[in-house]
Amino acid sequence: MFMIITDRIPILFGIAAVYFGFQSASWPVATAFFAALAIPMILTVPRRQGVALALDYLSRVYLPDPSDEIHSTPSAHASTALISS
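Caption draft 1: Region of the structure containing the packing of helix α1 (residues 2–19) against helix α3 (residues 45–62). Close contact between α1 and α3 brings their axes to 8 Å; oriented N to C, the two are set at 145°. Between α1 and α3 the crossing geometry is right-handed. Here Phe2, Met3, Thr6, Asp7 and Pro10 of α1 lie close against α3, whose contacting residues are Arg48, Gln49, Val51, Ala52, Leu55, Asp56 and Ser59. Of the residues that constitute the contact of α1 with α3, the class distribution is six nonpolar, three polar and three charged.

Rendered as structure tokens:
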């Protein structure tokens, strides 16, 4: 989910420019506009993936799901195994 959100952040600036009236008068202007959107999007891929991974981890830790394997504590399973034997 967070990958989808963080991938859309750089596109937001292009959408805002078009919304507020940007129009390309010629193909060089359109190419420059596309490059102005594409270059930052390509250069920030690793950082956006890192942010998405961090947000995913934090959501799993602070909003726990009981069926998630991150919340199963190995020490609790080990102590019940010792008690039962």
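Let's pick the thread back up.
Caption draft 2: Molecular detail of the packing of aromatic side chains. According to the stated counting rule, one finds two aromatic pairs in the structure shown. An angle of 80° between the planes, with centres 5.1 Å apart, marks the rings of Tyr19 and Phe20 as edge-to-face.

Caption draft 3: The environment of Leu53, seen in detail. When you line up the elements, Leu53 lands in helix α3. The spacing of Leu53 and Phe2 is 51 residues in sequence and 7.6 Å in space, taken between C-alpha atoms.

Caption draft 4: Inspection of the side chain of Arg48 at higher detail. Along the polypeptide, Arg48 turns up in helix α3. For Arg48, a relative accessible area of 10% corresponds to the buried category. A polar side-chain atom of Arg48 sits 2.7 Å from a polar atom in the side chain of Asp7. Discounting chain neighbours no more than four positions away, the residues touching Arg48 are Thr6, Asp7, Pro10 and Met41.

Calculation criteria
Residues numbered from 1 in each chain as written. Predicted model: local features only at pLDDT ≥ 70, side-chain atom pairs only at ≥ 80, totals over all residues. Heavy atoms only, no water. Axes fitted to C-alpha atoms, helices over the stretch in contact; angles between N-to-C directions. Helix = DSSP H or I, 4+ residues; strand = E, 2+ residues; numbered from the N terminus. Left-handed = near helix turned anticlockwise from the far one by under 90°. Contact = heavy atoms within 4.5 Å. Nonpolar A, V, L, I, M, F, W, Y, C, P; charged D, E, K, R; others polar. Phe/Tyr/Trp six-rings, centres within 6.5 Å; stacked < 30°, edge-to-face > 60°. Buried < 20%, exposed > 50% of the residue type's maximum accessible area, 1.4 Å probe, protein only. Polar contact = N/O pair within 3.5 Å; in protein donor to acceptor, adjacent residues only side chain to side chain.

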